[in-house]
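# An overview of the molecular structure
Each chain, written out:
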Amino acid sequence: MSSTVTPPKSEINWQQVAAPQIYADTAPNFVGELVQETLALTRRLFIQLQRRPSTLVAGIIQPVMWLVLFGALFQNAPKGIFGSTTNYAQFLSAGIIVFTAFGGALNAGLPVMFDREFGFLNRLLVAPLASRYSIVLASAIFIISQSLLQAAVIVAAAGFLGAGVPDIAGLATIALIVFLLALGVTALSLGLAFALPGHIELIAVIFVTNLPLLFASTALAPLSFMPQWLQVVATLNPLSYAIEPIRYLYTHQDWGLSSVVMHAFWGDVTFGSALAVLLGFALVALLIIQPRLRRTLS
């Protein structure tokens, strides 16, 4: 009895033979791919800014106008009302730097929210990304870069108005303070962008938060000038811990981490402790948004 034997199929993958570099058994470079994705998404945001530069121009002109107008308004204020300086531009520049960085970081969630509503975010979420956290990293890099640029322009404008310019170490410390504050506020704004249903709700949160935090800080007036209850609120406001160190840099040539920058109702706040508060604020903000990011980006 004879039987037909079917020859076994060839196990040779001719596609692999033709293109061995595609089928090579190499471990994926996760860090390199994450950096590449983040840079590409960041470049997209800068291209959008280049096409619509009015937002950046307005974000630079507005704080400079505040510096000029408020400086002229309080030019004849009684001596001693603003502490050790008689130059209100020198006093105000710290508040303008911090509030500009805060306002820009608070708006960080709007581009993500618009991407959600227009469907572009869904396309990113189904794309073969190495990590979807590159979407968040790109937004953070974009906003922090913009905040540092605005801070540089305000420092230059304040110097032109007679406020002076801190030394190199002081300028680096200002950049660090702006970075920490912008990082924390950007994280909260991005968390809200993924949590809130639409951009109307996010804009409402921005409007409700923006000015109250400005007036409940030491941006426009010293702590001693406020009523007792507002002093308590101001010393609990993270903006005050960014404003007072920068203000100390403008009014004191010799400064250090142990220099007292603010007299809170519970005690003195040193330069180093103010930086520690900003670092803690940024870390807490990053931890708070982690559950929301995992649910959205996983």
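Per an unreviewed UniProt entry, the chain goes by Transport permease protein and derives from Fischerella thermalis CCMEE 5318. Regarding the chain, the relevant UniProt record gives this comment under Sequence similarities (unreviewed entry): "Belongs to the ABC-2 integral membrane protein family."

Another point: the overall build of the chain. Summing up its helical and strand segments, the chain has twelve helices and two strands in all. Counting from the amino terminus, helix and strand elements in the chain follow one another as α-α-α-α-α-α-α-α-α-α-α-β-β-α. Put simply, the chain has 298 residues, and 44% of those count as buried. Per element, the accessible surface of the chain, about 16400 Å² overall, is 67% carbon and sulfur.

Looking now at the packing of aromatic side chains. As enumerated under the stated definition, the model contains six aromatic pairs in all. A centroid spacing of 6.3 Å and a plane angle of 15° characterise the contact between Phe-114 and Phe-118, whose relative ring orientation is stacked. In this pair, Phe-114 and Phe-118 are both assigned in helix α5 (residues 109-118), four residues apart and thus about one turn of the helix distant. Ring centres 5.1 Å apart and planes at 25° place the aromatic pair Trp-255 and Phe-271 in the stacked group. Linking Trp-255 in the loop between α11 (238-251) and β1 (260-264) with Phe-271 in helix α12 (residues 271-297), this pair joins segments that are 16 residues apart in sequence. According to the relative accessible area criterion, Trp-255 is partly exposed, its value standing at 25%. Following the ring pairs from residue to residue traces out a cluster consisting of Trp-66, Phe-99 and Phe-102. Above the ring of Phe-91, the side-chain terminus of Arg-247 is found at 3.6 Å from the ring centroid.

This brings us to the nonpolar core. Counting residues in each nonpolar core, the largest one holds 82 residues, and the members touching the most others are Ile-97, Leu-181, Ile-246 and Tyr-250. The contacts of Tyr-250, once residues within four sequence positions are left out, are Gln-90, Ser-93, Ile-97, Val-155, Ala-158, Ala-163, Gly-164, Pro-166 and Ile-174.

Another point: helix α10 (residues 228-236). Buried within α10 are the following residues: Leu-230, Gln-231, Ala-234 and Thr-235. Around the axis of α10, the buried residues are gathered within 135° of arc, so they sit on the same side. Residues of α10 that are exposed and point over 90 degrees away from its buried face: Trp-229 and Leu-236.

Taken together, the four bridges between β1 and strand β2 (residues 267-270) define a ladder with antiparallel strand orientation. When the sheet's bridge partners are listed, Ala-264 is paired in β2 with Gly-267. Joining the antiparallel neighbours β1 and β2 is a turn of two residues.

Okay, a nonpolar patch on the surface next. Together, Val-57, Ile-61, Met-65, Val-68, Leu-69, Phe-160 and Leu-161 make up an exposed nonpolar region whose accessible area comes to about 690 Å². In terms of residue count, the dominant contributor to the nonpolar patch is helix α3 (residues 54-73) (five residues).

On to the UniProt feature "transmembrane region" (unreviewed entry) in the chain, then. The UniProt record marks residues 53-74, 94-114, 135-162, 168-195, 202-225 and 269-289 with the feature "transmembrane region" (unreviewed entry), using the residue numbering of this structure. With 91% helix and 0% strand, the stretch residues 53-74 has end C-alpha atoms that lie 32 Å from each other. With 58% helix and 0% strand, residues 202-225 has its two end C-alpha atoms placed 33 Å apart.

The rules we used
- Residue numbers restart at each chain and count upward from 1, following the sequence in its written direction.
- Only residues with pLDDT of at least 70 are given local features in this predicted model, and only at 80 or more are side-chain atom pairs given and counted; all residues enter the totals for whole chains, interfaces and linings.
- Based on all heavy atoms of the structure, the side-chain values leave hydrogens and waters out of the count.
- UniProt positions are given in the numbering used here, feature names are shortened, and annotations may be inferred rather than shown by experiment.
- Numbering goes from the N terminus for both helices and strands, where a helix is a DSSP run of H or I of at least four residues and a strand is a run of E of at least two.
- Only protein chains enter the accessibility calculation, which uses a 1.4 Å probe; a residue is then buried when its area is under 20% of its type maximum, exposed when over 50%, and partly exposed in between.
- Residue burial considers only the protein chains on display, and all accessible areas are found by Shrake-Rupley using a 1.4 Å probe.
- Paired rings are identified among Phe, Tyr and Trp, the last through its six-membered ring, by centres lying within 6.5 Å, and are further divided according to the angle between planes into stacked (under 30 degrees), edge-to-face (over 60) and tilted (the rest).
- Cation placement over rings: the criterion is NZ of Lys or CZ of Arg within 6 Å of the ring centroid and within 35° of the ring normal.
- For our purposes a nonpolar core is just a set of buried Ala, Val, Leu, Ile, Met, Phe, Trp, Tyr and Cys residues, chained together by side-chain atoms within 4.5 Å.
- Here, two residues are considered to be in contact whenever any of their heavy atoms come within 4.5 Å of each other.
- Arc, as used here, means the arc of the directions from the helix axis to the C-beta atoms.
- DSSP-based pairing: two strands are paired if at least 2 bridges between them are found.
- Like-charged residues within 9 Å of one another, or nonpolar side chains (Val, Leu, Ile, Met, Phe, Trp, Tyr) within 5 Å, are grouped into patches, provided each residue has over 30% relative accessible area and no salt bridge.
- The salt bridge criterion pairs a side-chain nitrogen of Lys or Arg with a carboxyl oxygen of Asp or Glu, the two atoms within 4 Å.

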